[in-house]
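# Descriptive analysis of the structure
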Amino acid sequence: MQVSAGVAALRDAPRPDAEMVTQALHGETVILFGEEGEFGLVQMERDRYVGWTLMDALSAPVSEPTHRVSALRTYAYSQPHLKSAPFGLISMGSAVTVTSEENGFLKTTRGGWLTKGHVQPIDSFADDPADVALRFLHSPYLWGGCESLGLDCTGLTRAAFLACGVTLPRDSDMQFSWCGEAVADWNAPGALKRNDLVFWKGHVGIMLDDKMLLHANGYHMAVATEPLLMAIPRIAKEYGEPKGARRIDISKERGRVPDWLATN
């Protein structure tokens, strides 16, 4: 099935007050295992995550996406006009199937009419994950969140690399174990560079250069920047010292099924 809502929360139990473990963006596909009341137990095809989501958020059949939302977020309108009633918001990374164009708007199979300038072809990618991640600056922190209205640390890194054509797993331990190459002597002066990922046990951030860290975190309750050397002792009180850093070669990983997904 396919997410037709703006975003679908996946929870650890079939209850509206259960913990949200992740989110599926508009246009993402899921495998439905069973239903209980208004909820369905699904597995996301993108990263194999499993959770309970509202059946009202899903539709069938699955449409092959042609475009992806490139704006931080955009309204889906009922008509190809900026004064028409909006259906709601969909966020960066959402996949849509475009069927026609009119008056600067694109008609989609499930998302209404979208502003043409807010989407790009499905095979068009950004080149700088850190630049993408900076667009989320000051977005609120939300445990399990993956969209611009609220996201957590891996929701941010995943969104940044997805915009560049690279699929990362959902959790920080998986990103640390499965993605890119270890940065040798990462804590030596000048060893880190832009787009390197620095990991703690249960947390991750992306480097803007060899000194500044960008991360979604519960201390600021937002996406924030700070010097890595200031962040390390504060984060150590909760997560311990950093585990290390990883560097992902976008030119190598872009557009392909990652090894971790093919074998899991």
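Structure: see above.
Values in this document were obtained by computation on a predicted structure and should not be read as measured data. Within every chain, residues take consecutive numbers counted from 1 along the sequence as written. Totals for whole chains, interfaces and linings use every residue, but because this is a predicted model, local features are given only for residues with pLDDT of at least 70 and side-chain atom pairs only at 80 or more, for both listing and counting. Heavy atoms throughout the structure, all of them, feed into the side-chain values; hydrogens and water do not.

## Quick word on the packing of aromatic side chains
The aromatic pairing rule takes the rings of Phe, Tyr and Trp, using the six-membered ring of Trp, and pairs them if the centres are within 6.5 Å, calling planes under 30 degrees apart stacked, those over 60 edge-to-face and the rest tilted. Counting across every chain of the model gives four aromatic pairs. Here the aromatic rings of Tyr75 and Tyr77 are separated by 6.2 Å at their centres, their planes lie at 50 degrees, and the arrangement is tilted. Only protein chains enter the accessibility calculation, which uses a 1.4 Å probe; a residue whose area is less than 20% of its type maximum is buried, one above 50% is exposed, and one in between is partly exposed. Residue Tyr77 is classed as buried on the basis of its relative accessible area, which comes to 14%. Between Tyr77 and Phe105, the ring centres sit 5.7 Å apart and the planes meet at 90 degrees, which makes this aromatic pair edge-to-face. Of this pair, Tyr77 sits in strand β9 (residues 73-77) while Phe105 sits in strand β13 (residues 105-108), and the two are 28 residues apart along the sequence. A single burial state applies to Tyr77 and to Phe105, both of which are buried. Feature note: the residues Tyr75, Tyr77 and Phe105 constitute an aromatic cluster, connected by ring pairs. Comment: the charge-over-ring label is applied if NZ (Lys) or CZ (Arg) is within 6 Å of the ring centre and within 35 degrees of the ring normal. Lying across the ring of Tyr219, Arg234 places its NZ or CZ 4.1 Å from the centre. For helices the rule is a DSSP run of H or I covering at least 4 residues; for strands it is a run of E covering at least 2, with both sets numbered from the N terminus onward.

## Here's the deal with the pairing of strand β14 (residues 112-115)
DSSP-based pairing: two strands are paired if at least 2 bridges between them are found. Bridge analysis of β9 against β14 gives two bridges, and the strand direction is antiparallel. In the sheet register, Ala76 faces β14, and the bridge partner there is Leu114. Sheet topology note: the β13/β14 ladder contains four bridges and is antiparallel. Its bridge partner lying in β14, Phe105 is registered against Thr115. Remark: three residues form the turn of the hairpin made by β13 and β14, two consecutive strands paired antiparallel.

## What about the nonpolar core?
Here the nonpolar core consists of buried residues drawn from Ala, Val, Leu, Ile, Met, Phe, Trp, Tyr and Cys, with membership extended through side-chain atoms lying within 4.5 Å. With 30 residues, the main nonpolar core has Phe136, Leu156, Phe161 and Leu197 as its most contacted residues. Counting residues per element, the ones that place at least two in this core are α1 (129-134), α2 (153-162), β19 (197-200), β20 (203-207), β21 (212-217) and α6 (259-262). Of the residues forming this core, the biggest block, five residues, is contributed by α2. Contact criterion: two residues are considered in contact whenever any of their non-hydrogen atoms come within 4.5 Å of each other. Contacts of Phe136, omitting those with residues within four sequence positions, involve Leu72, Met92, Glu147, Ser148, Leu151, Leu156, Ala159 and Val223. In terms of nonpolar packing, the next biggest core, distinct from the first, is built from 12 residues, Trp200, Ile232, Ile235 and Ala245 among them.

## Regarding the sheet that holds strand β23 (residues 244-247)
Spatial strand order, β18-β23-β19-β20-β21-β22: six strands in an open sheet with antiparallel pairing. At either end of the open sheet lies a strand with only one pairing partner, and these are β18 (181-182) and β22 (222-227). For every element, the axis is a line fit to its C-alpha atoms; helices are fit only across the contacting stretch, and the angle between N-to-C directions ranges from 0 to 180 degrees. Against the sheet, α2 contacts β19, β20, β21 and β22, and its axis sits at roughly 40 degrees relative to β20.

## Side note on the environment of Met212
Mapped onto the elements, Met212 comes out in strand β21. C-alpha separation for the pair Met212 and Leu134, spaced 78 residues apart in sequence, amounts to 12 Å. Leave out the neighbours within four places in its chain, and Met212 touches Ile206, Met207, Thr225, Glu226 and Pro227.

## Things to note about the sheet that holds strand β11 (residues 95-96)
Pairing between sheet strands relies on hydrogen bonds along the backbone, with the strands arranged either parallel or antiparallel. Pairing within the open sheet is antiparallel, and its three strands lie in the order β11-β8-β15. If you trace the sheet from one side to the other, it starts and ends with β11 and β15 (119-121), each paired once. Of the pairings in the sheet, the one linking strand β8 (residues 67-69) to β11 comprises two bridges and is antiparallel in character. By the bridge assignment, His67 is partnered in β11 with Val96.

## Comments concerning the side chain of Arg170
On the secondary structure map, Arg170 appears in the loop between α2 and α3 (172-178). Its relative accessible area of 1% is what places Arg170 among the buried residues. Side-chain polar atoms of Arg170 contact the backbone oxygen of Gly145, separated by 3.5 Å. What Arg170 contacts, discounting residues up to four positions off in sequence, is Val21, Thr22, Asp47, Tyr49, Gly144, Gly145, Cys146, Asp152, Thr154, Gly155, Arg158 and Gln175. In protein, a polar contact requires one atom able to donate a hydrogen and another able to accept it; more generally it is a pair of N or O atoms within 3.5 Å, and residues adjacent in sequence count only if both atoms are side-chain atoms.

## Some details on the environment of Cys164
In this fold, Cys164 is placed in the loop between α2 and α3. Considered as a pair, Cys164 and Arg254 are 90 residues apart in the sequence and their alpha carbons are 7.0 Å apart. Those residues in contact with Cys164 that sit more than four places away from it in its chain are Phe125, Ala126, Asp127, Asp128, Pro129, Val132, Ile250 and Arg254.

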